[in-house]
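Summary of the model geometry
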Amino acid sequence: MHNNEIAVIYGKNPKEMVKRLLENINLGSGWKKEATIALKPNLVVSKKASSGATTSPEMVEGVIVYLQQQGFKNLTIMESSWIGDSTTKAFKVCGYEEISKKYQVPLLDLKKDATKTVKIKDLDLKVCASVYDVDVFINLPVLKGHCQTKMTCALKNMKGCIPDDEKRRYHTLGLHKPIAYLNKALKQDVVIVDGMMGDLNFEEGGTPVEMDRIIVGRDPVLIDSYIAELMGYNIEDIPYIPISAELGIGSTNLRDAVVTEYDIDNKNINTMKASSEVARLAKYIIDQDACSACYGTLIHALQRLKDKGKLDVLGEKIYIGQGYRGQASEGIGIGLCTSKFARSVGGCPPKAKDIVAFLEEE
Ligand code: SF4
């Protein structure tokens, strides 16, 4: 897989999906079998993945099964939850203790790790030392919103590799600059994004949105750029992404990105019980058999419109779903299924950024 490539798979079974995706991209083909490999999920809080906050243990299990089948034995799951939460508790609650026992993969609580200081330009950054001891670093973030940085995915997930006092300091430094600089100090080799059910707005979950996809790439800046648009943002809306690009960590150039989608027909009808916040946005939607991947994207787009104060001026409802295939209408339709509508946003599923741009014009 080249740095400008992104692979996406759709479905409902993250364990099987990720195995298939990694087989397709032949992950690990150039790595030594004795390589030490870090698996870094997002376990920011002790809440299950269904809350929208944490990385799906089923997806991580699929990664482990794939790597072990390829002959890689030296795997470690490492993480440090946010200040005030115990990583040990998160390992247990989020299902990682079980995976650890089942596959003999040790858990490392980075809160207990030694630290080292790395200077990047004018910033001295304290980072967990164990991260430097591995040959391969696999980042396993969740695609989700964040109340301060708008979104969190590949670049921000590295904040789990620093000690708690440093996490506090990042807030005094405005988050964006230190997050970007941290990614200059710590290299990640592969990003496998849990895009099954991340949170709409909050790092700590509570408003999960089904998105039914897993996304893999090598360049964390490109991955975050892709995720930003998927969630309805412009790349510049998330300053740590362009700062990271300026530091040479990766590229924001989505025009030259090669995106390969697998199992695009494997999109499941949305049946999720919405949180009250998501239900408020859903009032603007008329859904007939919409896939979760499509519906979730529209929810993100409506939230972006709401952020801009433009949701309430939307004078009509929006149609979405496979039930509208082939139907002509004067209304606004979302996705390829509504291509016969007078006004329709293409894509299967579309990006939230395109939906936002379209609705802003209406
Ligand atoms: S356009 Fe239709 S088939 Fe494609 S994701 Fe949306 S609802 Fe599903």
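Residues numbered from 1 in each chain as written. Predicted model: local features only at pLDDT ≥ 70, side-chain atom pairs only at ≥ 80, totals over all residues. Heavy atoms only, no water.

Attention now moves to the overall build of the protein. Of regular secondary structure, the protein possesses twelve helices and 16 strands. A globule of 362 residues ought to have a C-alpha radius of gyration of about 21 Å, and the protein, at 20 Å, matches this closely. For the protein, the spread of C-alpha atoms along the principal axes amounts to about 60 × 45 × 40 Å. In the protein, buried positions account for 58% of the 362 residues. (Helix = DSSP H or I, 4+ residues; strand = E, 2+ residues; numbered from the N terminus. Rg over C-alpha atoms; globule rule 2.2 N^0.38 Å. Buried < 20%, exposed > 50% of the residue type's maximum accessible area, 1.4 Å probe, protein only.)

A few words on the UniProt feature "domain: DUF362" (unreviewed entry) in the protein. With numbering aligned to this structure, UniProt lists the feature "domain: DUF362" (unreviewed entry) at residues 37-228. Annotated as residues 37-228, this span is 31% helix and 25% strand, and its ends, taken at the C-alpha atoms, are 28 Å apart. (UniProt positions renumbered as here; feature names shortened; annotations may be inferred.)

In this section: the domain arrangement of the protein. By domain assignment, the protein separates into domain 1 (5-262) and domain 2 (276-361). Taking the mean C-alpha position of each, domain 1 and domain 2 sit 29 Å from one another. Contact with domain 1, which involves 19 residues of that partner, is made by 17 residues of domain 2. Between domain 1 and domain 2 the total buried area reaches about 1600 Å² when both faces are included, carbon and sulfur atoms providing 58% of it. Area buried by domain 1 at its contact with domain 2 is led by Leu200, Glu229 and Gly232, which between them contribute 30% of it. Across the domain 1-domain 2 interface, the total number found is two salt bridges. The salt bridge partner of Lys351 is Glu229, with a shortest N-O separation of 3.1 Å. Residue composition of the side of domain 1 that touches domain 2, by class: nine nonpolar, four polar and six charged. (Domains from an automatic or database assignment. Contact = heavy atoms within 4.5 Å. Buried area = accessible area lost by both parts, 1.4 Å probe. Salt bridge = Lys/Arg side-chain N within 4 Å of Asp/Glu carboxyl O. Nonpolar A, V, L, I, M, F, W, Y, C, P; charged D, E, K, R; others polar.)

Reading across the sheet, the eight strands line up as S4-S3-S2-S7-S10-S11-S1-S12 and stay open at both edges, with mixed pairing between neighbours. Of all strands in the sheet, those with a lone pairing partner are strand S4 (107-109) and strand S12 (258-262), marking the two edges. With direction set aside, neighbouring strand axes in the sheet form an average angle of 20 degrees. The sheet strands contacting helix H2 (residues 57-69) are strand S2 (36-41), strand S3 (74-79), strand S7 (136-140), strand S10 (190-195) and strand S11 (213-217), and the helix crosses S3 at an angle near 160 degrees. (Pairing = 2+ DSSP bridges. Axes fitted to C-alpha atoms, helices over the stretch in contact; angles between N-to-C directions.)

Moving on: the packing of helix H1 (residues 14-25) against H2. Two numbers describe how H1 lies on H2: the axes approach to 7 Å, and their chain directions differ by 40 degrees. On the basis of their axis angle, the class for H1 and H2 is oblique. Seen from above, H1 lies across H2 with right-handed handedness. In contact with Pro14, Lys15, Val18, Lys19, Leu22 and Glu23 of H1, H2 contributes Glu58, Met59, Glu61, Gly62, Val63, Val65 and Tyr66. Among the residues forming the contact of H1 with H2, the class breakdown is seven nonpolar, one polar and five charged. (Parallel < 35°, antiparallel > 145°, perpendicular 65-115°, else oblique. Left-handed = near helix turned anticlockwise from the far one by under 90°.)

Moving on to the nonpolar core. Soluble, globular proteins show a tendency: their nonpolar side chains are buried together. Counting residues in each nonpolar core, the largest one holds 80 residues, and the members touching the most others are Met151, Ile215, Ile223, Ile227, Ile241, Ile299 and Leu302. No other element matches helix H11 (residues 292-307), which puts eight residues into this core. Counting only domains with at least three residues in this core, you end up with domain 1 (5-262) and domain 2 (276-361). Not counting residues up to four positions away in its chain, the partners in contact with Ile215 are Ile6, Ala7, Val8, Leu143, Val191, Ile192, Val193, Ile223, Tyr226, Ile227 and Leu230. (Core = buried A, V, L, I, M, F, W, Y, C linked by side-chain atoms within 4.5 Å.)

With that settled, consider the pairing of S3. Of all six residues in S3, five are buried; the element is thus mostly enclosed. In terms of strand pairing, S2 meets S3 through four bridges, oriented parallel. Each bridged residue has a counterpart across the sheet, and for Ala38 the counterpart in S3 is Thr76. The β-α-β motif built from S2, the intervening H2 and the parallel element S3 has right-handed crossover chirality. Bridge count between S3 and S4: three bridges; the pairing is parallel. (Right-handed = clockwise from strand over helix to strand, strands pointing away.)

On to the pattern of salt bridges, then. Enumeration according to the criterion identifies 24 salt bridges in this entry. With a closest N to O distance of 3.4 Å, Lys15 and Glu61 form a salt bridge. Separated by 46 residues along the polypeptide, Lys15 in helix H1 and Glu61 in helix H2 bring together distant segments of the chain. Relative accessible area serves as the criterion here: at 22%, Lys15 is assigned to the partly exposed category. One salt bridge connects Lys92 with Glu97, and the closest N-O pair in it is separated by 3.8 Å. According to the relative accessible area criterion, Glu97 is partly exposed, its value standing at 25%. In the salt-bridge network here, residues are joined through shared partners; they are Lys12, Glu210 and Asp212.

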